Amino acid sequence: MKALAGHLMASARRFWPFFAWLAAFYTVWLAIISLNGLWPVVLDHWPIAAAMAAGSYFAGSTPMGGGTVGFPVLVLLFDMPATLGRNFGLAVQSIGMVSASIFILTARRTLDWTLLRPALLGALIATPLGAAFIAPYASDLLVKLIFAVTWASFGVIHWLKLGDIVRPEGPRVPNPRLDRPAGLFIGLTGGVVASLTGVGIDMILYTVMVLYFRADLKVAIPTSVLLMAFTSLVGISANAVLGQIHPSLYAIDPAVFHNWLAAAPVVALGAPLGAVIVNYLPRRPTLLIVSTLCIAQFIWTLFKEGVPGWVLLGVLAALGVLCAGFLWLFRLGEANRPPRPGL
């Protein structure tokens, strides 16, 4: 009993930043709700809270941000604008992915910092620029199709190469000369994608890590979670500032806040819970479920939006190009695979 008590005390000391974060968040959330009489708003938006219960689990246990569920639910199911889906994704991930990140850091999970650091810098540069100069001029349909194609390619490559993706174990050998430019490119590219859809940078980092660098999923997934958390904070902050500077062009729909109020308390626990559970469940079934959902939302988008023939051909071509690029990246990684430590 003394040994067990000692273990529990040690765990409590180790995870105190995570528990302090949860206490601070729920205190602030309850104060906002109670002082402003917003309980009816929270109850009215229970469907998004229910959807994000599943979305937050996937956010913590896979390279999918919570916005990957929130975006199609709001935009495709509830017929809301893509801009609302994007801003909601960034806002809700600023709680869920941050919560998961704090847990990951306090749990001292292994992270690929040689790739992550330059990716963070790239995201810091590209996300606000994308929000200011690209996102406002992209049509709703274009944003929906970018989202659909990006995540469908993720689903397809996992169905094709899942066995190779789940196989690597242990840390890889860092290569700073390659990792730094690769990480910066991921951050710059992913920052623009996130400024349009609210997600995507985590998938790009994860895909490069598992296809080219043959990273262990236990390293790739938490690394991608931290990058998405940071990008979400940068993205929603940039949009909020831009909305104050030029409301007619950048204003954030009040419905974002209303949906956030309902979903935030769910994702604050759901995302870190996913980060815990994933260590005790086989990776293959979870990734297969996620991959299937990614392909399903692509088909759903095409039917829901009634994409015309010539646009449909372009969308299918874009999906083919992305999948071919991933396969090329996989083969390039196979040809340049370095030995692992101790092997």
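In this text, all values refer to a predicted model and were calculated from it rather than measured experimentally.

Visitor: A description of the pattern of salt bridges should follow, citing residues and the corresponding values.
Guide: Going through the model one piece at a time under the given rule, you end up with six salt bridges. Notably, a salt bridge pairs Asp-79 with Lys-304, separated by 3.1 Å at the nearest N-O pair. Here the residue Asp-79 occupies a position in the loop between α5 (67-77) and α6 (82-106), and Lys-304 occupies one in helix α14 (residues 283-305), the gap between them amounting to 225 residues. For Asp-79, a relative accessible area of 55% translates into the label exposed.

Visitor: Give a detailed account of the environment of Thr-110, specifying residues and quantitative values.
Guide: Here Thr-110 lies in the loop between α6 and α7 (113-133). Along the sequence, Thr-110 and Pro-222 sit 112 residues apart, while their C-alpha atoms lie 7.9 Å from each other.

Visitor: Got a sec to walk through the side chain of Thr-301? Specific residues and values, please.
Guide: Structurally, the position occupied by Thr-301 is in helix α14. The residues touching Thr-301, leaving out its near neighbours within four places in the chain, are Leu-76, Lys-144, Leu-145, Ala-148 and Val-307.

Visitor: A description of unusual backbone geometry should follow, citing residues and the corresponding values.
Guide: Trans peptide bonds make up most of the peptide bonds, and negative phi angles are found at most residues other than glycine. Its identity is not glycine, yet Arg-108 carries a phi of approximately 60°, on the positive side. Turning to its location among the elements, Arg-108 is positioned in the loop between α6 and α7. When its relative accessible area of 62% is taken as the criterion, Arg-108 is described as exposed. Although it is not a glycine, Arg-214 sits at a positive phi angle of roughly 55°.

Visitor: So what's going on with the environment of Arg-214? Residues and values would help.
Guide: Relative to the helices and strands, Arg-214 resides in the loop between α10 (201-212) and α11 (217-245). Between the alpha carbons of Arg-214 and Pro-168 there is a distance of 6.4 Å; along the sequence they are 46 residues apart. A polar contact of 3.2 Å, which involves the side chain of Arg-214, links it to the backbone oxygen of Phe-330.

Visitor: Requested: an account of the nonpolar core, with residues and values cited.
Guide: Judged by nonpolar contacts, the single largest core of 91 residues is most densely connected at Phe-25, Ile-95, Tyr-206, Leu-211, Leu-227, Trp-260 and Leu-261. Here this core takes twelve residues from α6, the largest share from any one element. In contact with Ile-95, other than residues within four places in its own chain, are Trp-21, Phe-25, Trp-260, Ala-264, Val-267 and Ala-268.

Rules used throughout
- Residues numbered from 1 in each chain as written.
- Predicted model: local features only at pLDDT ≥ 70, side-chain atom pairs only at ≥ 80, totals over all residues.
- Heavy atoms only, no water.
- Salt bridge = Lys/Arg side-chain N within 4 Å of Asp/Glu carboxyl O.
- Helix = DSSP H or I, 4+ residues; strand = E, 2+ residues; numbered from the N terminus.
- Buried < 20%, exposed > 50% of the residue type's maximum accessible area, 1.4 Å probe, protein only.
- Contact = heavy atoms within 4.5 Å.
- Polar contact = N/O pair within 3.5 Å; in protein donor to acceptor, adjacent residues only side chain to side chain.
- Core = buried A, V, L, I, M, F, W, Y, C linked by side-chain atoms within 4.5 Å.

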